[in-house]
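Listed here are the chains, written in short residue letters.
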Amino acid sequence: MLKIWGRINSINVQKVVWAAGEVGQPFERIDAGMAYGVVDTPEYRAKNPNGLVPCLEDGDLVLWESNAIVRYLAAQYAPGTLWPTDPKVRAQADKWMDWQATGFYAAMHPAFMGLVRTPPEKRDQAAIATSIEKFEAGMATLDAQLAKTSFVSGSAFGMADIALGVVVHRWLNMPVTRKPAPNVARWYGVIAARPAAKPALPLPVT
């Protein structure tokens, strides 16, 4: 059985939980990080020296970095479906997953932290506004892609949909005024209805 370390309100843990469900692997999730602690213990640091979540254990394999874990689960347990065998298709998924990690979520993070995890009297409204503006530009990019394809990397649900889906889930459930993104809305409705998505997308976002 897989072992997933990390609190479910972590967007990166959500990816791994979703991917494990998609590939049909049973797992045990252990709360760790923030209020749960654990991540600063010597035992956990031996698994993940960064002291972050998630961390995956699969037999003798210990792996950290959420997108790397999603890729591993897809390649190990869902070759030909979640893990495309065509390198060109897989490269499209990789491209969007890297964009999620380096740009898309980074743009939203200040707004999320300010609006969800910071008391109103301590919020940096200018930083929040800038974050929303940057993230809306990313949403426009994603919406344009989904005007052309059913899923992020092509015609079939894949690992990039997981990586981007958890971010969009968070955005759609934050207290912000959003610009219309009809193609994203269509896509999100489809992927969020998948059985494996439900345990990974808790509400409210915290």
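Residues numbered from 1 in each chain as written. Predicted model: local features only at pLDDT ≥ 70, side-chain atom pairs only at ≥ 80, totals over all residues. Heavy atoms only, no water.

Caption draft 1: A look at the environment of Met 108. Of note, Met 108 is situated in helix α4 (residues 87-116). Once residues within four sequence positions are removed from consideration, Met 108 is found in contact with Ser 131, Phe 135, Val 167, Arg 170, Trp 171 and Met 174. (Helix = DSSP H or I, 4+ residues; strand = E, 2+ residues; numbered from the N terminus. Contact = heavy atoms within 4.5 Å.)

Caption draft 2: Looking closely at the environment of Met 159. You can see Met 159 is positioned in helix α6 (residues 159-172). Separated by 63 residues in sequence, Met 159 and Trp 96 have C-alpha atoms that sit 9.5 Å apart. Met 159 has contacts with Val 70, Arg 71, Ala 74, Leu 82, Trp 83, Pro 84, Arg 90, Ala 93, Asp 94 and Met 97, leaving out every residue within four places of it along the chain.

Caption draft 3: Seen up close, the nonpolar core. One finds Trp 18, Leu 73, Leu 142, Met 174 and Trp 187 to be the most contacted residues of the largest nonpolar core, which totals 67 residues. When residues of this core are traced back to their parent elements, those giving at least two are β1 (2-5), α1 (11-22), β3 (55-58), α3 (66-77), α4, α5 (125-146), α6 and α7 (182-192). Ignoring anything within four residues of it in the chain, the contact list for Leu 142 reads Trp 99, Phe 104, Val 152, Leu 164, Val 168, Val 184 and Trp 187. (Core = buried A, V, L, I, M, F, W, Y, C linked by side-chain atoms within 4.5 Å. Buried < 20%, exposed > 50% of the residue type's maximum accessible area, 1.4 Å probe, protein only.)

Caption draft 4: Inspection of α6 at higher detail. Taking 1.5 Å per residue as the helical rise, α6 with its 14 residues ought to reach 20 Å, and the 20 Å between its terminal C-alpha atoms agrees with that figure. For α6, the principal kink sits at Gly 165 and spans about 25°. (Expected span 1.5 Å × (residues − 1). Bend = angle between axes of the 7 residues up to and from the residue.)

Caption draft 5: Representation of the side chain of Asp 58 within the structure. Structurally, the position occupied by Asp 58 is in strand β3. Of the side chains with opposite charge, Lys 3 comes closest to the buried, unpaired Asp 58, at an N-O distance of 11 Å. Among the polar contacts made by the side chain of Asp 58, one reaches the side chain of Tyr 72 at a distance of 2.6 Å. Discounting residues that sit within four places of it in the chain, Asp 58 has contacts with Leu 2, Tyr 72 and Tyr 77. (Lys, Arg positive; Asp, Glu negative; His and termini not counted. Salt bridge = Lys/Arg side-chain N within 4 Å of Asp/Glu carboxyl O. Polar contact = N/O pair within 3.5 Å; in protein donor to acceptor, adjacent residues only side chain to side chain.)

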